[in-house]
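The chain contents come next:
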Amino acid sequence: MNIKPNAREIRIIKKSQSLTTNTAKILTIGTFDGVHIGHQKILKRVVALAQKENLVPTVLTLFPHPRMVLQKDDNIKLLNTIDERTQLLKAFGIEKVIVKEFTKEFANLSAKDYVQHILVEELNTKQIVIGYDHHFGRNRSANIDDLKGFAKDLNFKVEEISAQEIKDVTVSSTKIRNALSDGQIEVANTYLGYNYFLSGEVVKGKGIGRTLDYPTANILIKESYKLIPRDGAYIVKSELGNSTIYGMMNIGTNPTVNGTSKSIEVHFFDFNDDIYEKKLNIEFLHWLRNEQKFENLEALKTQLKKDKFNALEYIKTQDV
């Protein structure tokens, strides 16, 4: 899937801002971290019903993650930045993505106030597609049966996604995070239904790669909560202009030159364009090896040559 970086900032609706709109919507609600194949099943249903009922397919998602706010968890790692999540949701047919700021005040809304004032009055929701295990409102005290009760009083429909339908797709964001942390890129990509990717700006590095004849683009990921796969060397690709460019990426501290801070560096094959300050999406295809400390730069250069050979052989044999 070709997901292009979004240069615009995502608008996060603050508590002081209204969501009010006259457009009639069919809505699903959730974090949608990863927008994986389980999520995609829900999104396809929303899009299909939207076409049938002449409604706008919409996702209401929250940011920051509730754990960041309620538990002050600064160590949480997410599969997507909020910008990436929005790109993906729209790529799967969602026309409107509403990002609501998650605050303690929002968490304390009663279930009735949340449904009546936000979902119905502000968003003009006519139908909601939601999982059987969905909970909402203060202390997550309300469930799908409560939502159906509100639907009767407030004149909207609810379609419940059954336990069996959800269990048919045995995937979770946690499984994907674990696979990426283990370097199991193909496993993660299978669960996602697309290639895991990083979105970042190309910034100036130390230029060591160029002295080795392997110039690299240094990728800056500004969002500290974005999950970065385990340290090591990877086969990657990116869409640059109208071309697909392959390369190899190193994630780590560059121990051969006594590096101390983690960096993300990509060497693109047969590519010499100036891409400094451009924002790129880098897709992961395959894990090559662990990062290691070599005796000297010549030994590192020899390994890079082997890595490039292995990467090109992999690309030849795979439909990537």
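Scope of this entry: the structure provided in the associated data block.

1. Observations regarding the side chain of Thr61
- With respect to the helices, strands and loops of the structure, Thr61 is situated in strand S3 (residues 56-63).
- Look past the residues within four positions of Thr61 in its chain and what remains in contact with it is Gly30, Thr31, Ile82, Arg85, Val97, Ile98, Val99 and Lys100.

2. Considerations on the pairing of strand S2 (residues 25-29)
- Of all the five residues making up S2, five are buried; the element is thus mostly covered by neighbouring parts of the structure.
- In S2, alternate side chains face the same way, and those of Lys25, Leu27 and Ile29 on one face and Ile26 and Thr28 on the other are all buried.
- Bridge count between S2 and S3: five bridges; the pairing is parallel. Within S3, the residue paired with Ile29 across the bridge is Leu60.
- With helix H1 (residues 37-53) bridging S2 and its parallel neighbour S3, the resulting β-α-β unit is right-handed.
- Pairing of S2 with strand S5 (residues 125-131) involves three bridges; the strand directions are parallel. Directly across from Ile26, in S5, lies its bridge partner Gln127.

3. Some thoughts on the nonpolar core
- Among the nonpolar cores identified, the biggest contains 56 residues, and Met249, Phe268 and Phe284 are the most heavily contacted of them.
- At six residues, the largest contribution of residues to this core is made by H1.
- Leave out the neighbours within four places in its chain, and Phe284 touches Ile185, Asn189, Asn195, Tyr196, Phe197, Leu198, Pro229, Tyr234, Ile235, Val236, Met249 and Ile251.

4. A short note on the packing of helix H8 (residues 173-181) against helix H9 (residues 185-192)
- Across the interface, H8 lies against H9 with an axial gap of 8 Å and an inter-helix angle of 155 degrees. In terms of their interaxial angle, H8 and H9 are classed as roughly antiparallel. Read as a crossing pair, H8 and H9 show a hand that is left-handed. Along its contact with H8, which presents Lys175, Ile176, Ala179 and Leu180, the element H9 presents Ile185, Val187, Ala188, Tyr191 and Leu192.

Calculation criteria
Residues numbered from 1 in each chain as written. Predicted model: local features only at pLDDT ≥ 70, side-chain atom pairs only at ≥ 80, totals over all residues. Heavy atoms only, no water. Helix = DSSP H or I, 4+ residues; strand = E, 2+ residues; numbered from the N terminus. Contact = heavy atoms within 4.5 Å. Buried < 20%, exposed > 50% of the residue type's maximum accessible area, 1.4 Å probe, protein only. Pairing = 2+ DSSP bridges. Right-handed = clockwise from strand over helix to strand, strands pointing away. Core = buried A, V, L, I, M, F, W, Y, C linked by side-chain atoms within 4.5 Å. Axes fitted to C-alpha atoms, helices over the stretch in contact; angles between N-to-C directions. Parallel < 35°, antiparallel > 145°, perpendicular 65-115°, else oblique. Left-handed = near helix turned anticlockwise from the far one by under 90°.

Fair warning: the whole summary comes from geometry, so function is off the table for now.
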